[in-house]
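Spelled out, the chains give:
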Amino acid sequence: MFEILSVDTGGTMTDTFLVDREGNFIIGKAQTTPDKEYLGILNSLKDALKSSNIELDVRRVLESLRAFVYTGTIMINRIIERKGLHPIGLITTAGFEDTIRFGRGKQSWVELPYSERLHAVSHYYPDPIVERSYVRGVRERVLTSGFEMISLYEEEVKEAVVDLLEKDVKAIAVCLLYSFANPEHELKVEKIAKKVMEEKGKEVPIFLSHRINPVIGELGRMNTTVLQIYGAEPSREQFELIKQHFREIGMKAPLRILTSYGTTVSPSHEKLITTVTSGPTGGVLGCKYLGDIYGFDYIVGTDVGGTSFDVGLISAGQYSLKTESTINRFLVNFPMISVDSIGAGTGSYIRLDPVTKRVRIGPDSASFRVGVSWEDGGVSTVTVNDALVIMGHLNPDYFLGGEVKLNRKRAEEMFHDQIASPLGVDVEEAAEGCLELINLEMRMYLNAMIVGTGHAPENYHLVSYGGGGPVLTAGYTKGLNFRGILVPTWAAAFSAFGASTADYGFRHDLSTELLLTPDGGMDQIVTEMLNHGWQELKKLMEEELRAEGIDPESVLYKPSLRMMYFGMLDDLEVPVVRFPIKESYIDDIRHTYDDMFEKIYARGSKSPEAGYMISRIILSCSMPTPKPKLPDLQEGESLPDEKAYKKGREIFCEGEWHEAEIYEMGYLTPRNIIEGPSVVEAPSTTFVVPPGWKARLDRHRIFWLEENKRG
Amino acid sequence: METKELVKDIIEGRLSMEELYRIISSDKNPGRFKLVLEVLQEKVPWDEKIILPLSDSLFIVCKDNKPIVKCKCGFEFGDYRVNWKLKAKVFVRDTLESLQELYKPFMHSDPNWTEIREYYCPGCFTLLETEVVPPGYPVIFDFLPDINAFYREWLGEEPPCEAEFMDKTLEYIRERMK
C-alpha cells in the first residue's frame, strides 16, 4: 500500500509523488486549480493511479497514507498578486518609520534577469505592503547589547494603537530596534495594545518581530513579520481547507508543509512564512537523500522546468543555507536553502532581436503552453520545446503520455519563418543552434556557480531532474567532466520526492554576537550564554509544540550555531551534539568549524589568529518521520527487454540526422545499457542519449549518463 | 507589435511601472520612432511637421523647408543650430532669497559657487529647461543633433528638410553684437 503522498503545486502544474513501503513509486500530473487547490491535487493523484494502471479507489489510497507533504506556490502567489491581509498597521521605533518603505537599494533590481540588472532604467521598487500612513513610530531605544537606553514612551503607544484601530487595520505588527537582544519593549507594546483594544471593544491580532524572527537587521525582521501577517496568516486557512477536504475523503495522515530550510511543519506552525518558497528546496533535499545513499558529499542539483533552470549545491555533505534573501523583492532574513536560477527552461521563448538579428532565449516562457507545436496552447512565438520537436528529441505523439498532441509541421513552419529564414539557415540547423545556445547558457552558469565556491565540476556528481531536465542533460553537462551524471527515472516529480524526505520539525534562530578570543579567556562566558540561548529557544519551542498538540518530550532537539572567523563576513552552520555544553566543548566547536571551513572554502584562507565570532544560536527540533525508500531491484541483463523497444525515428544531432533507438522507460530494467543515439520515453519526461554517449540504469532506477571516451 | 495607442500611453505616462518594465526589457521596436512622431504631431496645435522632439515642450520642426525649434504653444525659436536658450526668458537664482524660495535654509547650494538658471518660453511661460552651473559659465547648448545623419544612416530615409550640421550659436551672437 502507498505510504507517502507528496504534492508540488506549481504555478501551472500540480505534481504528485506516491511511494509505497518497498520504494515503488508512481507519479502524476494535473493542471493546478488556483481557486480550489485540493481539486488539482486530487486530479493529479487520480492521474498517477490512472497512468500506472492501478485500479485503486482514491479513498483507499488516502486511508493507507502515513504522510502527506505539500510544497507549492499558494503563499508566494498571494504575495505576488497582492491579495494578502490588508491593511496592516505597523508600530516601530520612532525615527525608523520609513525603514519599510525605503527597503534596500537592492530591492529595486534583485529579482530581475541579469541583463535588466545592468540597466538602471529598468530598476523599480516594489510597492510597500504597509503604506506610510499605517506606520507609527514610538520613542524608545534598546542597544545592541540589550541595554535599555531610553524607556518606552507608553503614551505614544496608546495613541498609535488608537489611531491604527480607527484606520480599521486587520492586524498590528510590532518591530522595535534590537528586540532580538531584549524583547521587553515589544512585550510592553503588546500589553498596552491589548488594553487599548479592550477599552475600545475592538480586537485585532498583534505580531511581535522577536517572536516571528529574532534576528539582527531591522528591515529583514520587519519584512518577515509583515509578510507573515500579509501572506502566511491568510494561507493558513487555505491549508486547513485542503486538510479538511482530504480528511473527508479518508486521509488520516497529518498535512505537512515544506519549509525553505528543509523541514516540514504543520499548517498551524507559528512562523508559517518560512514555507513561502519551498518549491526548489525539495529538489535539493532529494539530492541530499541520494547523496546519503550513494555516499557522495559533493552534489549539484539541476532542475530544468518550463520557465527556469534552478541550481542547488551540496558541498561537504551539506546544502548551504542563506540567511538573507528576498521574497518578491522584499528583503527577509530567515534561513533558506540556497538555490539560484536563471530564466532558461524548455518553454523559454526564442526570438531574434529585430534590430541586430541576435538570437535571444527567454527570460519569459510559454510555461505549460509548450510552444507553437501545441496549437491549442495559443502560443505564437517559438520555444525551446518546438526546437526539440523539430529535431526529433521530443515525440510529438507522446508528450505527457500522448495527452497533448504536438504538431511538428506547424513547429517547423513557424520556426522557419521566425528564426531560420531571417538567419538564412535550415530549420533543423537553426533549431540545433538555439538548443546549443540554451545549453551553453546553462553550462556556463553551472560552471560559474561551482568554480565560484572554489571547487571544480570534477569534484561533483550532478543530478538532473524536472520535467525538462533529462532532455537536455547531455547538452548542459557536456565538457564539464562531472564525476557522475545521475538522471532519476522519476525526474519529473523529483522535487515532490525530495520534499517527502524532509523531517517533521522546525528551527529557531537567535542573533547574537559572542566573541571567542584566541586566548580562550571568553570560553566560560560564551558557554553560559550559549546554554542560556538554547534553553530560551527550547522553552519557546515547547510552547509551540504543545499548541500543536505534540508532546515536547517526544521530540529530538538539535542545537547548532553559526560562526565565523572574527572579522570575516560569511558564517557557517556548526552542529553541536547536545546541550547544555561544558566549557571544554568550546574547543570541539572550534575544531569542527575549522574542518568545515577547510572543506567548503580553502585551507589557506583559515584565520583563527583573531579568534571566532558566534553570530547565531540555533535550535532545531524533529520528530520521527516516515520517509520514502529508494527502489532496490535485482540487476539483470545489459540488453534491454524486447518490450522496451519502440518504433525508431530519426533525431538531429551535431548537424546530421541519426537513426535512433527509442525505448519505453517503464520496461527498462537495472543494468540495461542504452547506447546513443537513443531516446528513452516516459509519460512525464523524455531522456535523450546523443551519439557518443551511453546511459546505464542502476538498481535504484537511476540512469548514469556518460560520454564515451573519444579516440 | 506596439500600437499607436500604447505609444500614446507611454508618452502620457499612463502605464504602471510593471507595464513599462515589460516594454523596456523586451526587444527594440524599429518602428517606434515613427509612432512617437505621429502621437506628438497629434498633440500639438500647429501643422509643421515634427522632425525630432527635443523635450516635453520643444520640437525640431520643418518650416519653409528649414529645421527650426518650436514650442508646443507655437512660439518659434528659429534655426535649430542656434541654441534656443538665447531667445528664451531667463530667471537666475543667485541670491539667498531667490534660492530659499525653493529650498529650506542650508539645504541649497552656496550662490557664490553655483547659480540656477531657469529658461522659460516667451510664448507660454512654460519652464523649458534648468541649468545649475558656476556663475559666469557659458549657456549650455543641451542637444545639437545631426539630423541628416540620423535620418539617412539610422532611419534609412531622406530628412524632411535639410541643413548643414554645425553650431551656429556664435555666428548668431556675433551678428547681434554688431
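Rules and cut-offs
Residues numbered from 1 in each chain as written. Chains lettered and ligands numbered in written order. Predicted model: local features only at pLDDT ≥ 70, side-chain atom pairs only at ≥ 80, totals over all residues. Helix = DSSP H or I, 4+ residues; strand = E, 2+ residues; numbered from the N terminus. Buried ≥ 20, exposed ≤ 12 C-beta atoms within 10 Å, placed from the backbone. Contact = placed C-beta atoms within 7 Å. Domains from an automatic or database assignment. Pairing = 2+ DSSP bridges. Axes fitted to C-alpha atoms, helices over the stretch in contact; angles between N-to-C directions. Nonpolar A, V, L, I, M, F, W, Y, C, P; charged D, E, K, R; others polar. Parallel < 35°, antiparallel > 145°, perpendicular 65-115°, else oblique. Left-handed = near helix turned anticlockwise from the far one by under 90°. Expected span 1.5 Å × (residues − 1). Arc of directions from axis to C-beta. Core = buried A, V, L, I, M, F, W, Y, C linked by C-beta atoms within 7 Å.

Draft legend 1. Up close: the overall build of chain B. Helix and strand counts for chain B stand at 6 helices and 7 strands. In chain B, the succession of α and β elements from N to C terminus is α-α-α-β-β-β-β-β-α-β-β-α-α. By principal-axis analysis of the C-alpha atoms, chain B measures approximately 50 × 50 × 30 Å. Classification of the 178 residues of chain B by burial places 16% in the buried group. Sequence separation of at least 24 residues holds for 47% of the intrachain contacts in chain B that already meet a minimum separation of 6.

Draft legend 2. Up close: the domain arrangement of chain A. Considered domain by domain, chain A is made up of domain 1 (80-227), domain 2 (348-429), domain 3 (503-623) and domain 4 (632-711). Here domain 2 of chain A and domain 3 of chain A have C-alpha centroids that lie 52 Å from each other.

Draft legend 3. The arrangement of the sheet that holds strand S5 (residues 89-93) of chain B in detail. All names here are of chain B. Taken in spatial order, the 3 strands line up as S5-S6-S7 in an open sheet, and their pairing is antiparallel. This sheet does not close on itself; its edge strands, each paired only once, are S5 and strand S7 (127-133). Neighbour-to-neighbour, the strand axes of the sheet open up by a mean angle of 20°, direction not taken into account. Both S5 and strand S6 (residues 115-120) contribute to a ladder of 5 bridges, which runs antiparallel. Its bridge partner being in S6, Arg93 is matched across the sheet by Ile116.

Draft legend 4. Inspection of the pairing of strand S29 (residues 645-653) of chain A at higher detail. All names here are of chain A. Sheet topology places S29 next to strand S30 (residues 656-664); 7 bridges connect them, and they run antiparallel. Within S30, the residue paired with Arg649 across the bridge is Ala660. A loop of 2 residues connects S29 with S30, the two strands running antiparallel in sequence, and Glu654 in this loop sits at a positive phi of about 50°.

Draft legend 5. Region of the structure containing the interface of chain A and chain B. With 8 residues of chain A at the contact, the number on the chain B side is 7 residues. Residues that form the side of chain A that touches chain B fall into these classes: 4 nonpolar, 1 polar and 3 charged.

Draft legend 6. A look at the packing of helix H1 (residues 4-12) of chain B against helix H3 (residues 32-43) of chain B. Residues and elements named next belong to chain B. For the pair H1 and H3, interaxial distance at closest approach is 9 Å and the crossing angle is 70°. Between H1 and H3, the crossing angle belongs to the class labelled roughly perpendicular. In this structure, H1 crosses over H3, and the sense of that crossing is right-handed. Facing H1, whose interface residues are Lys4, Val7, Lys8 and Ile11, H3 presents Arg32, Leu35, Val36, Glu38 and Val39. For the contact of H1 with H3, the class distribution of residues is 5 nonpolar, no polar and 4 charged.

Draft legend 7. View of helix H6 (residues 154-166) of chain A. Residue and element names in this part refer to chain A. A rise of 1.5 Å per residue sets the reference length of H6, with its 13 residues, at 18 Å; its end C-alpha atoms lie 19 Å apart and thus fit the reference within 8%. By the burial criterion, the buried members of H6 are Val157, Ala160, Val161 and Leu164. Down the axis of H6, the smallest arc covering the buried residues is 95°, so these residues share one side. Facing away from the buried side of H6, by more than 90 degrees, are the exposed residues Glu155 and Glu166. Here the buried face of H6 lies against strand S5 (88-93), strand S6 (135-138), strand S9 (171-175) and helix H7 (184-200). Once H6 finishes, Asp168 follows within two positions and takes phi at roughly 60°, a positive value.

Draft legend 8. Fine view of the nonpolar core. With 197 residues, the main nonpolar core has A:Ile88, A:Leu90, A:Ala173, A:Val174, A:Val226, A:Phe415 and A:Cys434 as its most contacted residues. Here this core gets 10 residues from one element, more than from any other, and that element is helix H9 (residues 218-248) of chain A. With residues near it in sequence (within four places) discarded, A:Val226 still touches A:Ile88, A:Leu90, A:Ile100, A:Ile129, A:Val130 and A:Ala173. In terms of nonpolar packing, the next biggest core, distinct from the first, is built from 18 residues, B:Leu54, B:Ile68, B:Trp84 and B:Ala88 among them.

Draft legend 9. Local environment of helix H13 (residues 427-452) of chain A. Compared with the 38 Å implied by 1.5 Å per residue over 26 residues, the 37 Å span of H13(A) between its first and last C-alpha is a close match. Within the span of H13(A), buried status applies to A:Val427, A:Ala430, A:Ala431, A:Glu432, A:Cys434, A:Leu435, A:Ile438, A:Met442, A:Leu446 and A:Ile450.

Draft legend 10. Here's a closer look at the domain arrangement of chain B. All names here are of chain B. Domain parsing of chain B yields domain 1 (1-43) and domain 2 (44-177). Computed from C-alpha atoms alone, the centre-to-centre distance between domain 1 and domain 2 is 25 Å. Counting residues at the interface gives 5 residues for domain 1 and 5 residues for domain 2. Within the side of domain 1 that touches domain 2, the residues separate by chemical class into 3 nonpolar, 1 polar and 1 charged.

Draft legend 11. Representation of unusual backbone geometry. All names here are of chain A. Following Phe579, the chain continues into Pro580 via a peptide bond in cis, with omega recorded as 0°. Residue placement: Pro580 occurs in the loop between strand S27 (572-575) and helix H17 (585-600). Cis rather than trans, the peptide bond between Gly676 and Pro677 has omega equal to 0°. As for its position among the elements, Pro677 is in the loop between strand S31 (673-675) and strand S32 (678-681). You will see that Asp168, though not glycine, has its phi angle at about 60°, which is positive. Mapped onto the elements of the fold, Asp168 is located in the loop between H6 and S9. For Asp168, a count of 10 C-beta atoms within 10 Å corresponds to the exposed category.

Draft legend 12. Spatial organisation of the environment of B:Pro105. Residue and element names in this part refer to chain B. Structurally, Pro105 is set in the loop between helix H4 (96-99) and S6. Take Pro105: there are 8 C-beta atoms within 10 Å of it, and that puts it in the exposed class. As a C-alpha pair, Pro105 and Trp46 span 59 residues in sequence and 44 Å in three-dimensional space.

Draft legend 13. Up close: the sheet that holds S5(A). Residue and element names in this part refer to chain A. The parallel open sheet is built from 4 strands, whose spatial order is S6-S5-S9-S10. Lying at the two open borders of the sheet, with one neighbouring strand each, are S6 and strand S10 (206-208). Strand-to-strand twist across the sheet, computed as the mean angle between neighbouring axes with direction ignored, equals 20°. Where S9 meets S10, 3 bridges bridge the pair, whose relative direction is parallel. Bridge assignment links Ala173 to a residue of S10, and that residue is Phe207. Contacting S5, S6 and S9, H6 crosses the sheet at an angle of about 170° to S6. Across the face of the sheet, H9 comes into contact with S5, S9 and S10 while running at roughly 165° to S9.

Draft legend 14. The packing of H6(A) against H7(A), seen in detail. Residue and element names in this part refer to chain A. Running from amino to carboxyl end, H6 crosses H7 at an angle of 50°, the nearest separation of the two axes being 9 Å. If you check the angle between H6 and H7, you find them oblique. The crossing of H6 and H7 is right-handed. The segment H6 lies against H7, with Glu154, Val157, Lys158, Val161, Val162 and Leu165 engaging Val189, Ile192, Ala193, Val196, Met197 and Lys200. Taken together, the residues of the contact of H6 with H7 break down into 9 nonpolar, no polar and 3 charged.

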